[in-house]
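Residues per chain, in single letters:
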Amino acid sequence: MLFDTLDGAIADIDSLQDYNLDHLIKHYGISFQYSSSLPNRVYGFSLPYTNTMFINSNTEYPERIKAHELIHCLVDDSANPLIESTYVSNTKIEGRADRGGFYLMIMDYLNLAGIEPSQFNILKFCEQYHVPEKYVYTAGLVANQVLDISLDDDDFIAN
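These figures come from a predicted structure and were not determined experimentally.

K.L.:
Would you take a moment to explain the pattern of salt bridges for this structure?
P.N.:
One side chain can pair with another of opposite charge once the charged atoms of both are near each other. With the rule as written, the count across this model stands at four salt bridges. Note that Glu 63 and Lys 66 form a salt bridge whose closest N and O atoms lie 3.6 Å from each other. With Glu 63 and Lys 66 both in helix α3 (residues 63-75) and three residues apart, the pair spans about one turn of that helix. Each member of the salt-bridge network shares a partner with another, and the members are Asp 22, Glu 63 and Lys 66.

K.L.:
Can you walk me through the packing of helix α4 (residues 92-113) against helix α6 (residues 136-147) in this structure?
P.N.:
Two numbers describe a pair of packed helices, the interaxial angle and the distance between the axes. The geometry of α4 relative to α6 is characterised by a closest axis approach of 9 Å and an angle of 65° between their N-to-C directions. Looking at the two axes, α4 sits roughly perpendicular to α6. For the element pair α4 and α6, the recorded crossing hand is right-handed. In this structure, α4 uses Arg 99, Phe 102, Tyr 103, Ile 106, Met 107 and Leu 110 to contact α6, whose residues at the interface are Thr 138, Ala 139, Val 142, Ala 143, Val 146 and Leu 147.

K.L.:
Honestly, the pairing of strand β3 (residues 52-56) in this entry has me stumped. Any pointers?
P.N.:
If a strand is regular, its side chains alternate between the two faces of the sheet. The buried fraction of β3 amounts to five of the five residues, a majority that puts the element mostly inside the structure. Summarising the sheet, strand β2 (residues 42-47) and β3 pair through four bridges and their orientation is antiparallel. Bridge pairing in β3 links Leu 47 to Thr 52.

K.L.:
What exactly am I supposed to notice about the packing of helix α1 (residues 6-16) against α4 here?
P.N.:
α4 packs onto α1 with a crossing angle of 15° between their chain directions and a minimal axis gap of 11 Å. In terms of axis orientation, α1 runs roughly parallel to α4. For α1 against α4, the interelement crossing comes out right-handed. Between α1 and α4, the residues in contact are Leu 6, Ile 10, Ile 13 and Asp 14 and Arg 96, Gly 100, Tyr 103 and Leu 104, respectively. Of the residues belonging to the contact of α1 with α4, the class tally is five nonpolar, one polar and two charged.

K.L.:
Just to check I follow, could you spell out the environment of Lys 66 for this structure?
P.N.:
Here Lys 66 falls in the buried class, since its relative accessible area comes to 3%. Here the alpha-carbon distance between Lys 66 and Phe 45, two residues 21 residues apart in the chain, equals 9.2 Å. Setting aside its immediate chain neighbours within four residues, Lys 66 contacts Leu 21, Asp 22, Ile 25, Phe 32, Tyr 34, Met 53 and Ile 55.

K.L.:
In this structure, what is going on with the side chain of Asn 56? I would like to understand it.
P.N.:
Inspection of the secondary structure puts Asn 56 in strand β3. A distance of 2.9 Å separates a polar side-chain atom of Asn 56 from the backbone oxygen of Pro 39. Within the structure, the side chain of Asn 56 is placed 2.8 Å from the backbone nitrogen of Asn 58, a separation counted as a polar contact.

Calculation criteria
Residues numbered from 1 in each chain as written. Predicted model: local features only at pLDDT ≥ 70, side-chain atom pairs only at ≥ 80, totals over all residues. Heavy atoms only, no water. Salt bridge = Lys/Arg side-chain N within 4 Å of Asp/Glu carboxyl O. Helix = DSSP H or I, 4+ residues; strand = E, 2+ residues; numbered from the N terminus. Axes fitted to C-alpha atoms, helices over the stretch in contact; angles between N-to-C directions. Parallel < 35°, antiparallel > 145°, perpendicular 65-115°, else oblique. Left-handed = near helix turned anticlockwise from the far one by under 90°. Contact = heavy atoms within 4.5 Å. Buried < 20%, exposed > 50% of the residue type's maximum accessible area, 1.4 Å probe, protein only. Pairing = 2+ DSSP bridges. Nonpolar A, V, L, I, M, F, W, Y, C, P; charged D, E, K, R; others polar. Polar contact = N/O pair within 3.5 Å; in protein donor to acceptor, adjacent residues only side chain to side chain.

Printed below as a string of structure tokens:
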């Protein structure tokens, strides 16, 4: 655990003005590797106590998992593995990692796309980052909060 709160971690990252996940992992000294030995339904896991994270090398789109596990390493103090899988429930600690991970991804998307927050499109973002359908609404809530925009139900429907 490098920060006491998610807000503290986000403030430090904002001061860097770099939301590239690989850059952040290196900056914060987190040990990261892909592993082919994880079961297929375990997408990744982290050991926050040792600042270590693993991503299943069989995961088709690892960016969301990487962002999620990075947040665990930054703000959680567990000595036990924190696992991102189809088996994990929506606990408070997992929800926080999802929100923090989406924050990083949204800010990276704005930088890469060269757009202003008012131009943010949740469906384009989710397509670009291969966000699974079950997380689209969570990503939208994070975008509403951090970009100070107001996405409504129509914004979540493809035309």
